[in-house]
Number of protein chains: 2
Amino acid sequence: MKSKLIEVKQLTDLKFLNMYQSTFLMENGKTRIYYFASRRSLDQLGCKNTEYVDAIKVLPYFKKNGKTYVVLNYEFRSPLNAYTYDLCAGLVEHQNDKESDVKREIFEEVGAKVKSVKQVMKSGHTTAGLTDENISCYFAEIEDIGEQHLEETEDITREIIALEDIPEFLENNTVGATGNLLLQVFYYKNILEMKENKESTAKDNFEM
Amino acid sequence: MKSKLIEVKQLTDLKFLNMYQSTFLMENGKTRIYYFASRRSLDQLGCKNTEYVDAIKVLPYFKKNGKTYVVLNYEFRSPLNAYTYDLCAGLVEHQNDKESDVKREIFEEVGAKVKSVKQVMKSGHTTAGLTDENISCYFAEIEDIGEQHLEETEDITREIIALEDIPEFLENNTVGATGNLLLQVFYYKNILEMKENKESTAKDNFEM
């Protein structure tokens, strides 16, 4: 049933995350209340600023001796009071230059310089029934990892996995949802490309 | 820096989503406050019940005349006050039989019977910096789509896309983050399988 937004009210007054209440008028004349959480201020909510991206998530990988490796975070997440695997991520500071945010987060969390960045998803809401949080996703080729530059509140160690071990790792470990799926996209895309390269090399050899 | 959970307090008293405040004691003796949103009650929060899965997300697909098609939702999302593309989803009602939740949501939102279900991700947090929400992801082969069975508050139309059109669709449209990535996994996995099947057929033909 179609409904029209009448009002949005901020229910909490916290620094990094707040609860909002929106009131909709439905086609049948009844009102409907919907609660959601947001990292944004009332005037920048997703219903007002649709272009804004809250955070970036990035899969860092490097090549060494002809093999490809990905780097995961093993990170303490306060809402879970637990360590979980996920990928490098951070809030966007430069809406018009999110690649600089990608490079900063890789420098801080992974301790590496970035060689190239490829956008895998321009924007997508992490869980649109609950929040207006919007993220962009990337693959980033990095140089070999070095020293991390973490903030005082961050507790992150790194886990390096060979491309071909991704499926088994995901079978045996819990990884954040977008991180898990980005790893799967990376895996299948790379296996497919390797197969295509092999085919075209075989074809070239045959034609010589 | 490592920290120890001291206390979790519920800040709001709403029906479907609440704001929580956790207090941590850090190694340096200082306390640290962290706010997060949750669909769960205080005694079932992610820091207490790690196995609980809040919701399922499923990519429905069908085969017709030798081609594969996926079904997307075009759905009104209240936190965005907008229609966005995403995949079929719903809250889990049967923790020990989530396939029944997959089938119910496909019946309601897609209007189809399910032929088979494949788990793509057992569990993963949608955005662990903001909420303890945990989801499971699936691919489901369905029979051709029929009539939807939506709830009064749901406003969902369906969009059918051929497998090979997925990359162009994602290039030109915004899709929820896990939905977008599930579509990419499905695309690359299927293209890879088609290539492998072709190879093994070519090999069989050669060996005959």
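Residues numbered from 1 in each chain as written. Chains lettered and ligands numbered in written order. Predicted model: local features only at pLDDT ≥ 70, side-chain atom pairs only at ≥ 80, totals over all residues. Heavy atoms only, no water.

## Topic: the overall build of chain A
Applicable threshold: Helix and strand labels come from DSSP, where a helix needs a run of H or I of at least four residues and a strand needs a run of E of at least two; each type is numbered from the N terminus. Burial classes follow relative accessibility: with a 1.4 Å probe on protein chains only, a residue under 20% of its type's maximum area counts as buried, one over 50% as exposed, and anything between as partly exposed. Computed by Shrake-Rupley with a 1.4 Å probe, the accessible areas treat only the displayed protein chains as cover when residues are assessed.
When its secondary structure is counted, chain A shows three helices and ten strands. When the helices and strands of chain A are listed from N to C terminus, the series reads β-β-β-β-β-β-β-α-β-β-β-α-α. Oriented by its inertia axes, the alpha-carbon framework of chain A measures out at about 75 × 45 × 35 Å. Residue burial in chain A is summarised as follows: out of 208 residues, 54% are buried. Accessible surface computed for chain A: about 10,100 Å², of which carbon and sulfur atoms make up 47%.

## Section: the interface of chain B and chain A
Under the convention used in this document: Contact definition: two residues touch when any of their heavy atoms are within 4.5 Å. Two parts lose some accessible area (1.4 Å probe) when they are put together, and adding that loss for both gives the buried area. Salt bridge criterion: a side-chain nitrogen from Lys or Arg within 4 Å of a carboxyl oxygen from Asp or Glu. Here a polar contact is recorded for every N or O atom pair within 3.5 Å, except that within protein the pair must consist of a potential hydrogen donor and a potential acceptor, and residues adjacent in sequence are included only if both atoms are side-chain atoms. Each residue gets one of three labels, nonpolar for Ala, Val, Leu, Ile, Met, Phe, Trp, Tyr, Cys and Pro, charged for Asp, Glu, Lys and Arg, and polar for the others, Gly among them.
Taken residue by residue, the interface counts 63 residues in chain B and 63 residues in chain A. Across the chain B to chain A interface the summed buried area is about 6,000 Å²; carbon plus sulfur atoms make up 66%. Linking chain B to chain A there are four salt bridges. Lys195 of chain A is paired through a salt bridge with Glu199 of chain B; the nearest N and O atoms lie 3.5 Å apart. Counting every contact that joins chain B to chain A gives 14 residue pairs in polar contact (both at pLDDT 80 or more). Broken down by element, the side of chain B that touches chain A gets its largest block of residues, 14 residues, from helix 3 (residues 177-207) of chain B. Residues belonging to the side of chain B that touches chain A are distributed by class as follows: 29 nonpolar, 20 polar and 14 charged.

## Focus: the sheet that holds strand 2 (residues 18-26) of chain B
All names here are of chain B. Under the convention used in this document: Between any two strands, pairing holds if DSSP finds at least two bridges. The convention used is that axes are lines fitted to C-alpha atoms, helices contributing only their stretch in contact, and that angles between N-to-C directions extend from 0 to 180 degrees.
What the three strands build is an open sheet, ordered 1-2-3; its pairing is antiparallel. The open sheet has two free edges, formed respectively by strand 1 (3-10) and strand 3 (31-38), since each of these has just one partner strand. This sheet shows a mean twist of 25° between the axes of neighbouring strands, independent of strand direction.

## Here we look at helix 1 (residues 98-110) of chain B
Residues and elements named next belong to chain B. Put simply, the test is: Each helix should span, by expectation, one fewer than its residue count multiplied by 1.5 Å.
An ideal rise of 1.5 Å per residue puts 18 Å on 13 residues; helix 1 measures up with 17 Å between its terminal C-alpha atoms. For helix 1, the set of buried residues is Lys98, Asp101, Val102, Arg104, Glu105, Ile106, Glu108, Glu109 and Val110. Its buried side turned inward, helix 1 meets strand 4 (55-64), strand 5 (67-77), strand 7 (88-91), strand 8 (114-125), strand 9 (134-142) and strand 10 (156-162). Just beyond helix 1, the residue with positive phi is Gly111, at close to 70°.

## So, the relation of the copies chain B and chain A
Under the convention used in this document: Superposing the copies works by least squares over the C-alpha atoms of residues that have pLDDT at least 70 in both of them.
When chain B is brought onto chain A, the operation consists of a screw motion whose angular component is 180° and whose axial shift is 0.0 Å, with 0.0 Å RMSD remaining. With respect to symmetry, the two chain copies, as superposed, fit the operation of a two-fold axis. Among all C-alpha atoms of chain B, that of Val185 of chain B lies closest to the rotation axis, at 2.5 Å. A shared binding surface is used by both copies, with 100% of the interface residues of chain B retained as interface residues in chain A.

## Comments concerning the pairing of strand 4 of chain B
Residue and element names in this part refer to chain B. With respect to burial, strand 4 is a largely interior element, eight of its ten residues being buried. Two elements, strand 4 and strand 7, share four bridges in a ladder whose sense is antiparallel. By the bridge assignment, Val58 is partnered in strand 7 with Cys88. Relative to strand 9, strand 4 runs parallel, the two being bridged by seven bridges. Directly across from Pro60, in strand 9, lies its bridge partner Ala140. Judged from the four bridges that link them, strand 4 and strand 5 form a sheet pairing that is antiparallel. Along strand 5, the bridge assignment pairs Tyr61 with Val70.

## Brief notes about the sheet that holds strand 2 (residues 18-26) of chain A
Residues and elements named next belong to chain A. The strand order across the open sheet built from three strands is 1-2-3, with neighbouring strands paired in antiparallel fashion. Two strands in the sheet have a free side with no partner beyond their single neighbour: strand 1 (3-10) and strand 3 (31-38). Taken over all neighbouring pairs, the strand axes of this sheet differ in orientation by 25° on average, direction set aside. Pairing geometry for strand 2 and strand 3, over eight bridges, is antiparallel. Pairing of Tyr20 across the sheet is with Phe36, part of strand 3.

## Description of the domain arrangement of chain A
Residues and elements named next belong to chain A. Heads up, the condition is: A domain assignment, automatic or from a database, supplies the domain bounds used here.
With domains assigned, chain A is organised as domain 1 (3-44) and domain 2 (55-196). Of note, the centres of domain 1 and domain 2, computed from C-alpha atoms alone, are 31 Å apart. The interface of domain 1 with domain 2 comprises six residues on the first partner and seven residues on the second. When domain 1 packs against domain 2, close to 560 Å² is buried across both sides, 36% of that on carbon and sulfur atoms. The largest per-residue losses of area from domain 1 upon contact with domain 2 belong to Ala37, Arg39 and Arg40, which jointly make up 64% of the total buried on that side. Along the contact surface separating domain 1 from domain 2 lie one salt bridge.

## Let's talk about the pattern of salt bridges
Where charged atoms from two side chains of opposite charge approach closely, those side chains can pair. If you walk through the whole model with that rule in mind, you get 25 salt bridges over all chains. For Glu141 of chain A, the salt bridge is made with Lys115 of chain A, and the minimal N-O distance between the two is 3.9 Å. Taken together, the residues Glu141 of chain A in strand 9 (residues 134-142) and Lys115 of chain A in strand 8 (residues 114-125) connect sequence positions 26 residues apart. By relative accessible area, which is 16% here, Glu141 of chain A ends up buried. A salt bridge links Glu93 of chain B to Arg104 of chain B; the nearest nitrogen and oxygen atoms lie 3.3 Å apart. Pair noted here: Glu93 of chain B is in the loop between strand 7 and helix 1 and Arg104 of chain B is in helix 1, with a separation of eleven residues, a long-range link. Where salt bridges share partners, they join Glu93, Asp101, Arg104 and Glu105 of chain A into one cluster.

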